[in-house]
Amino acid sequence: MKIKDELSQNDIRHLEHCLSLAEEAFKAGDAPFGSILVDADNEVIATARNRINELTALAHPELELAQWAAENLSTAERKRTTMYTSGEHCPMCAAAHGWAGLGTIVYLSSAKQLGEWLGNVSMPIRFVPAEEIVPDIIIKGPASGPILESIKNLQLEYHGGRFPDAT
């Protein structure tokens, strides 16, 4: 169940944290993605950034956080979490989010936007909206304004207008 409400100032603050993690990933040579997991008390309990160049093409921050939550939080705690992320979950990460029983997703930019920014290049998978994979949670995004422009510019600089080979 996606909601289209405006993002709150709290949401923007957490998305700014994700943007800083995406910048950190970019500076390390990885694709610019970053995510945080926030508990029911609005405390950041875990952070991750993309590490596809350091580890594997599957080292997405959302997948790492879903795994961390499954190992470290109770079922009830996972359900009350919010994952903030610089980019909408890919199908692999959305599935992990659902299987781990995590709560809300708030994303800075959508997969559709990323595809438009990069010229809708051919991908090894088909991106579908996260709500089609995890339909029973609240999903908010994308953001707008300067923060959205910041992630767009970072993605364009990293990709040079094309998506890198996954091998």
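Preceding this paragraph is the structure being described.
First things first, this report covers the structure right here in the doc. Every value quoted in this text rests on a predicted model; they were computed, and no experiment measured them.

A word on the pattern of salt bridges
- Evaluated as defined, the whole model comprises 3 salt bridges.
- The closest approach of N and O atoms between Lys140 and Asp11, which form a salt bridge, is 2.6 Å. Of this pair, Lys140 sits in strand E5 (residues 139-140) while Asp11 is found in helix H1 (residues 9-27), placing the two residues 129 residues apart along the sequence.
- With relative accessibility at 14%, the residue Lys140 sits in the buried group.
- With a shortest N-O distance of 3.3 Å, Arg49 and Glu24 are connected by a salt bridge. One end of the pair, Arg49, is in strand E2 (residues 44-49); the other, Glu24, is in helix H1, and 25 residues separate them in sequence.

Some thoughts on the packing of H1 against helix H7 (residues 146-159)
- Following both chains from N to C, one finds H1 and H7 inclined at 15°, their axes separated by 11 Å at the closest point. Relative to H7, the element H1 lies roughly parallel. Relative to H7, H1 is oriented so that their crossing is left-handed. Residues Ile12, Leu15, Glu16, Leu19, Ala22, Glu23 and Phe26 of H1 form the contact with H7, whose own contacting residues are Ile147, Ser150, Ile151, Leu154, Glu157 and Tyr158.
- Its residues assigned to classes, the contact of H1 with H7 shows 9 nonpolar, 1 polar and 3 charged.

So, the side chain of Ser86
- Looking at the secondary structure, you find Ser86 in strand E3 (residues 82-87).
- Filtering out sequence-adjacent residues up to four positions away, Ser86 remains in contact with Cys18, Ala22, Pro32, Phe33, Gly34, Leu108, Ser109 and Ile151.

So, helix H2 (residues 61-72)
- Compared with the 16 Å implied by 1.5 Å per residue over 12 residues, the 16 Å span of H2 between its first and last C-alpha is a close match.
- Along H2, the residues classified as buried are Pro61, Glu62, Leu65, Ala66 and Ala69. On an axial view of H2, the arc spanned by its buried residues comes to 135°, and they lie on one face.
- Contacts from the buried residues of H2 go to strand E1 (34-38), E2, helix H3 (75-79), E3 and helix H4 (91-100).

As for unusual backbone geometry
- In this model, Gly141 is joined to Pro142 through a cis peptide bond whose omega is 0°.
- By the element assignment, Pro142 lies in the loop between E5 and H7.
- One non-glycine residue with positive phi stands out, namely Asn42, at about 70°.

What to know about the nonpolar core
- Core analysis: the largest hydrophobic core is formed by 22 residues, its most contacted members being Leu15, Tyr84, Leu108, Ala143, Ile147 and Ile151.
- At the level of elements, H1, E1, strand E4 (104-109), helix H5 (111-117) and H7 are the ones that each hand at least two residues to this core.
- Of all the elements, H1 adds the most residues to this core, at 6 residues.
- For Leu108, the residues in contact, after removing those within four places along its chain, are Leu15, Leu19, Thr85, Ser86, Gln113, Pro142, Ala143, Ile147, Leu148 and Ile151.
- Listed in part, the 11 residues of the second largest apolar core include Leu37, Ala46, Ala48 and Ala96.

How each quantity is defined
Residues numbered from 1 in each chain as written. Predicted model: local features only at pLDDT ≥ 70, side-chain atom pairs only at ≥ 80, totals over all residues. Heavy atoms only, no water. Salt bridge = Lys/Arg side-chain N within 4 Å of Asp/Glu carboxyl O. Helix = DSSP H or I, 4+ residues; strand = E, 2+ residues; numbered from the N terminus. Buried < 20%, exposed > 50% of the residue type's maximum accessible area, 1.4 Å probe, protein only. Axes fitted to C-alpha atoms, helices over the stretch in contact; angles between N-to-C directions. Parallel < 35°, antiparallel > 145°, perpendicular 65-115°, else oblique. Left-handed = near helix turned anticlockwise from the far one by under 90°. Contact = heavy atoms within 4.5 Å. Nonpolar A, V, L, I, M, F, W, Y, C, P; charged D, E, K, R; others polar. Expected span 1.5 Å × (residues − 1). Arc of directions from axis to C-beta. Core = buried A, V, L, I, M, F, W, Y, C linked by side-chain atoms within 4.5 Å.

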